[in-house]
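Structural characterization, general
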Amino acid sequence: MFENGYNGTGVKDLTDAAGIPKGSLYNYFANKEDYAKEAMIHYYREMSKKQFDYLVDENLKPLDRIKMFYSTMIDDFTDESKLKLGCFVGNLTQEMGGVSEVLREVTCEIHTDIVRKINDCLLDAVENGDISKNKNVDVLAEFIVSSWQGTLLRIKASNSKEILDDFYIILTEVLLK
């Protein structure tokens, strides 16, 4: 589903990949939509173990948490095949967010959680005096996450890591100043 999208992946593709008979999928999931929902939740949790720890690491300055988070995300796109994939949650948001209420809700929850974590770092940065109290951190957190998703969409089309590097430059030199 990550490689071929929701509509490009059939139940047979899923069961073949899992090495189980086709009917067995329904022992675990109500339908393909339920599978996609659980796959996104699993993907987010697994990703959270690695990169999201930076956003809550009290040993780092608040803005450094955000920088480390995105820096490690960018580092994951080291080979060309990963550039073509983009983000699993972002891909399904784009493909199914306006079609499936179930998938729209889960992608919205995931993105809202990411925004909240970025927002918490920004609020800590304001409290520490690292960024201006005049910045609307709620809007800034939303903008950063939306910009990241747009960046991931663009790398799929361009197959260029330079777009990731450009995102990081704007994040660190403009948005987090």
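Here is a short report on the structure shown in this document. Everything quoted here is computed from the prediction, not taken from an experiment.

A closer look at the overall build of the chain
On a plain count of helices and strands, the chain comes out with 9 helices and 0 strands. Along the chain, helices and strands appear, N-terminal first, in the series α-α-α-α-α-α-α-α-α. Here the chain, with 177 residues, has 43% of them falling under the buried criterion. Carbon and sulfur atoms make up 50% of the accessible area of the chain, which amounts to about 9800 Å² in all. Between the centroid of the 21 positive side chains of the chain and the centroid of its 30 negative side chains there is a distance of 1 Å.

Focus: the side chain of asparagine 91
Mapped onto the elements of the fold, asparagine 91 is located in helix α6 (residues 88–96). When sequence neighbours within four positions are dropped, the list of residues in contact with asparagine 91 reads Phe2, Leu85 and Lys156.

Focus on the pattern of salt bridges
Inspection of the entire model under this criterion finds 8 salt bridges. In this structure, the salt-bridge partner of aspartate 16 is lysine 12, at a minimum N-O distance of 3.0 Å. Highlighted residues: aspartate 16 and lysine 12, both in helix α1 (residues 11–18), separated by 4 residues, approximately one helical turn.

What about helix α9 (residues 162–175)?
With 14 residues, α9 ought to run about 20 Å at 1.5 Å a step, and its terminal C-alpha atoms sit 18 Å apart, in line with that. Along its buried surface, α9 packs onto α4 (62–75), α5 (80–85) and α8 (137–158).

Side note on the state of the cysteines
In this structure the tally under the stated criterion is 0 disulfides. Between cysteine 87, a free cysteine, and cysteine 108, which holds the nearest cysteine sulfur, the sulfur-to-sulfur gap is 14 Å. Here cysteine 121 is not cross-linked by a disulfide; its sulfur's nearest cysteine counterpart is in cysteine 87, at 18 Å.

Digging into the packing of aromatic side chains
Tallied over the entire structure, the rule returns 10 aromatic pairs. Measuring from centroid to centroid gives 5.7 Å for phenylalanine 2 and tyrosine 43, while their planes differ by 75°, and the two rings are edge-to-face. Of the two residues, phenylalanine 2 is situated in the segment before α1 and tyrosine 43 in helix α3 (residues 32–50); the sequence distance between them amounts to 41 residues. Summarising the aromatic geometry, the rings of phenylalanine 2 and phenylalanine 88 are spaced 5.4 Å apart at their centres and angled 55° between planes, so their arrangement reads as tilted. With phenylalanine 2 in the segment before α1 and phenylalanine 88 in helix α6, this residue pair connects regions lying 86 residues apart in the sequence.

Quick look at the packing of α8 against α9
Packing of α8 against α9 brings their axes to within 9 Å, and their N-to-C directions diverge by 160°. The orientation of α8 with respect to α9, classified from their angle, is roughly antiparallel. For the element pair α8 and α9, the recorded crossing hand is right-handed. Between α8, through Leu140, Phe143, Ile144, Ser147, Trp148, Thr151, Leu152, Arg154, Ile155 and Ser158, and α9, the contact on the second element is made entirely by Ile163, Leu164, Phe167, Leu171 and Leu175. By residue class, the composition of the contact of α8 with α9 is 11 nonpolar, 3 polar and 1 charged.

Considerations on the environment of glutamate 109
Residue placement: glutamate 109 occurs in helix α7 (residues 101–128). The class of glutamate 109 is exposed, set by a relative accessible area of 55%. For the pair formed by glutamate 109 and serine 158, sequence separation is 49 residues and the distance between their alpha carbons is 28 Å.

Here is what the cut-offs are and how they apply
Residues numbered from 1 in each chain as written. Predicted model: local features only at pLDDT ≥ 70, side-chain atom pairs only at ≥ 80, totals over all residues. Heavy atoms only, no water. Helix = DSSP H or I, 4+ residues; strand = E, 2+ residues; numbered from the N terminus. Buried < 20%, exposed > 50% of the residue type's maximum accessible area, 1.4 Å probe, protein only. Areas by Shrake-Rupley, 256 points an atom, 1.4 Å probe, with all protein chains shown as cover. Lys, Arg positive; Asp, Glu negative; His and termini not counted. Charge placed at Lys NZ, Arg CZ, Asp CG, Glu CD. Contact = heavy atoms within 4.5 Å. Salt bridge = Lys/Arg side-chain N within 4 Å of Asp/Glu carboxyl O. Expected span 1.5 Å × (residues − 1). Disulfide = S-S within 2.5 Å. Phe/Tyr/Trp six-rings, centres within 6.5 Å; stacked < 30°, edge-to-face > 60°. Axes fitted to C-alpha atoms, helices over the stretch in contact; angles between N-to-C directions. Parallel < 35°, antiparallel > 145°, perpendicular 65-115°, else oblique. Left-handed = near helix turned anticlockwise from the far one by under 90°. Nonpolar A, V, L, I, M, F, W, Y, C, P; charged D, E, K, R; others polar.

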